[in-house]
Each structure stands twice: as structure tokens, then as C-alpha cells.
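Fold and geometry: a report
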Amino acid sequence: MKTIKRKWILSLLLCMSLLILLPMTSLRAENATINTHARASALIDVESGRILYSNRGDEPMPMASLTKIMTAIVAIENGDLEGVIKVGKNAYAKEGSSLYLKLGEEMTLETMLYGLMLRSGNDAASAIAEYVGGSEEGFVFLMNAKAEELHLTHTHFANPHGLDAKGHYSSANDLAVLTAYALHNPVFKEIVKTQEKTADNPYEKWDYKWRNKNKMLRLYDGADGVKTGYTKQALRCLVSSATRNGQQLVAVTLNDGDDWNDHASLLNFGFNHYPLKTLIQRGDKISGYELVAGKDFSYPLGKGEQERLVTKMILSKEQKSDTSFGLKGVLKLQLGGKEIRQIPIYAPNALPPKQPEFSKKISSPTIGTYPHDTWLEAAASALRALFQAGGREHS
């Protein structure tokens, strides 16, 4: 009996020793310091698409007017910003937040997008949807096609405005990825950072004057977006963005009674613990090779992460510059055993022209790779063209 008891004590002491010696990095202790009032939350770095913090981030939930982030980017990508929208019966006097547009009133898509994002006009959302998609249903199809393209697996749209509806939901992580994508579009980026917009009002002596409902623009240093939301089911929802030292972050909270303060805490956490670091610049020579990097690459790294980065050179079998523009392979970067980016490698004098700053595609393991060559996207493109034509006929 004494032998059994002695073995039990030795086993207990051994377990305690192992617990003390085990590394604690997997516990993400820094994240535990953030306490929000949100049912779900997420924080993402815009340039890299890296999720920096997530709490119940994949739980599908109602998201109220955060819906309009998707409405805006789909409209910008598929509509004519100078095209004139005529307010129809479905959009006129829409319930909830409104721009109070008159039946038959005409306004450019670009101007109406300001009303959509600054004042959260549900009438604007429906009018935009009918113009760009030919009908509200047609536009919702485009929204869901975009969600699939961006691999938003916990998101589905039933309308363009965000009023509570069956089958209308998203998650904190999905909304973070969507917003990071949208903020690469210069039109979207300019609209959501605008604090006040004046627009012509054909029915009154005074102009429309829309003040942004997003108080973060006035409360937080460096804030530059994005969208508020509220319904009886979703309660208070908020997506905010801020830029400091060249790094832009997006915070998301769903069902949060103290969202202004919580967003300040989330953004501060990201800037303080995951600063964006430039790791590779276009034209940098690759050590040990007569090759250069084809793209810039910056990534948000926590304490000690830069030392754990692993690089691997993969040389291409195709070496003919006339068919590959000097492409010689890729440099793969890994962190924690996961690939975070592939950088194309070129011969020094054969770099291709630099791509525009904005591109619809964001190459990131977090966001995923878009299925440009699938039958689904081909079908979506064809239907999109039909919907656009229908929308212009009705305007």
C-alpha cells in the first residue's frame, strides 16, 4: 500500500514539473488580456489579411446594417458610379434608417453610396440593389456570389440592407475578411472615412447633409471607417478601421453594448502587439542566388515571431524568359508551419511591370485564393452582365 501511495506522489510531482516546463506560446496569453462585451469579435490586418484576434469568430449571427459593406463593394465593382438611379416603389419609404428619398427621385450611384454608408439608408440600399442587380433578388445573388468568391463560409445574404430576415447572417471573422477586401478599393475606402457629405436635394431649398453615424471617426485617433449597425435581433454591431504608422486594422463586434470602448481596446491591442513589418521589398536580391523578389511583402508579427519565420526557395522548371517574363520560381514564407505568402522570384533585369495598388484579388492564406476559372464564377459573370443591363433599363 505504501508503495502504491509513493508511486502516486511521484507521478503527481512529475506532472507538476512537466506543466511548469511546457512552453506557453500555444495559449495565446496576449489575447486573453482583451475583454469585450461582444458576443463575437475579430481583429484583422488589412494588408496581409491576417486575423490577429478572434472570439467566437466563426459563429453565424445577424449583422444588421453591416450588410451594407457587401452592398457597397458589390455596387462599386458592378455598377456605373456616374449612372443615375431612380427611386422606385420598393425603395421608397423603406422601414428602418432612411435617407428619406422621394418616389421617383434621381441620384447618381456614387452619391447614393455615401448615403448608404454614412446614414445607413435602407431606401438607398434597395434602390442601389435594383439599379445594379436589376432587382433586389438579382443583387442578393451577386452578394452571395461575392461571399463565395471570398470564401466567407459562415455568411449568407437575404437582402441588401440588413433588416432581420431568415437566412441572413454572417460571422465576425467573415466580416473582418470582407472589410479588409473592400478597403483595398479606393472608392470604398474614401466613402467610409468621410465624416460628412453634402449632396444636391432637388425637392428642397437646402442640400442633403449626411453626417457619418460612426462615432469612431471622431473618438479614435487614426480612425478611417467603417460601418455601424443595429436591429432588434442583432443588437449593436460595429466594424471600425484605423491606420497608424502605415498599418490599417479592422475590428468587428457583434451584439456589443459597449462597442466604442471595445473597438478602441481591440485596435490598440493590434497596433501594440502586431505591428506591420516590411519583410521583403520588390527588387531585393535573394541571398545566394542571382535573383530578385517580384513583390513587396509586409506582415504583422507578434513578439518573437520574426525569428520563427522559415523561407523556402522553389525554382521553376520553366526557365525561358520569353514565356515566363524572367520568372524563376517562388519564395515561400512559413510561420508556425503554415504558409503565409509566396513571393515570385525573377531574373534581375526581367521584372514585369508593377501591378496597380488596388486589385480585386487578395492573395492570403487567411482570405484564400479566388476560383477565377470555375464554372460557378463564369455563370456568375454572365448573370451579372444581364443584371447590370436590366438595372440600367429600369433607371
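Below, the structure is looked at part by part. Because the structure is predicted, anything quoted here is derived from the model rather than measured.

With respect to the environment of Val192
- Following the sequence through the fold, Val192 ends up in helix H7 (residues 186-193).
- Judged by relative accessible area, which is 1%, Val192 ranks as buried.
- Taking the C-alpha atoms as reference points, Val192 and Asn212, separated by 20 residues in sequence, lie 8.5 Å from one another.
- Beyond its immediate sequence surroundings of up to four residues, Val192 is in contact with Met117, Leu183, Asn212, Leu217, Asp224, Gly225 and Val226.

Regarding the environment of Lys332
- Looking at the element boundaries, Lys332 is found in strand S14 (residues 327-335).
- Look at Lys332 and you get partly exposed, because its relative accessible area is 24%.
- Apart from residues lying up to four places away in sequence, Lys332 is in contact with Val310, Thr311, Lys312, Ile314, Glu339, Arg341 and Gln342.

Looking at helix H6 (residues 172-182)
- Most of H6 is tucked away: eleven of the eleven residues are buried.
- When we look at burial in H6, the residues that qualify are Ala172, Asn173, Asp174, Leu175, Ala176, Val177, Leu178, Thr179, Ala180, Tyr181 and Ala182.

A few points about the packing of aromatic side chains
- Overall, the coordinates contain four aromatic pairs when judged by the stated rule.
- Ring geometry for Tyr53 versus Phe269: centroids 6.3 Å apart, planes at 70°, classification edge-to-face. Note that Tyr53 is positioned in strand S2 (residues 51-55) and Phe269 in helix H9 (residues 259-273), a separation of 216 residues in sequence. The burial state of Tyr53 is the same as that of Phe269; both residues are buried.

The rules behind each value
- Residues numbered from 1 in each chain as written.
- Predicted model: local features only at pLDDT ≥ 70, side-chain atom pairs only at ≥ 80, totals over all residues.
- Heavy atoms only, no water.
- Helix = DSSP H or I, 4+ residues; strand = E, 2+ residues; numbered from the N terminus.
- Buried < 20%, exposed > 50% of the residue type's maximum accessible area, 1.4 Å probe, protein only.
- Contact = heavy atoms within 4.5 Å.
- Phe/Tyr/Trp six-rings, centres within 6.5 Å; stacked < 30°, edge-to-face > 60°.

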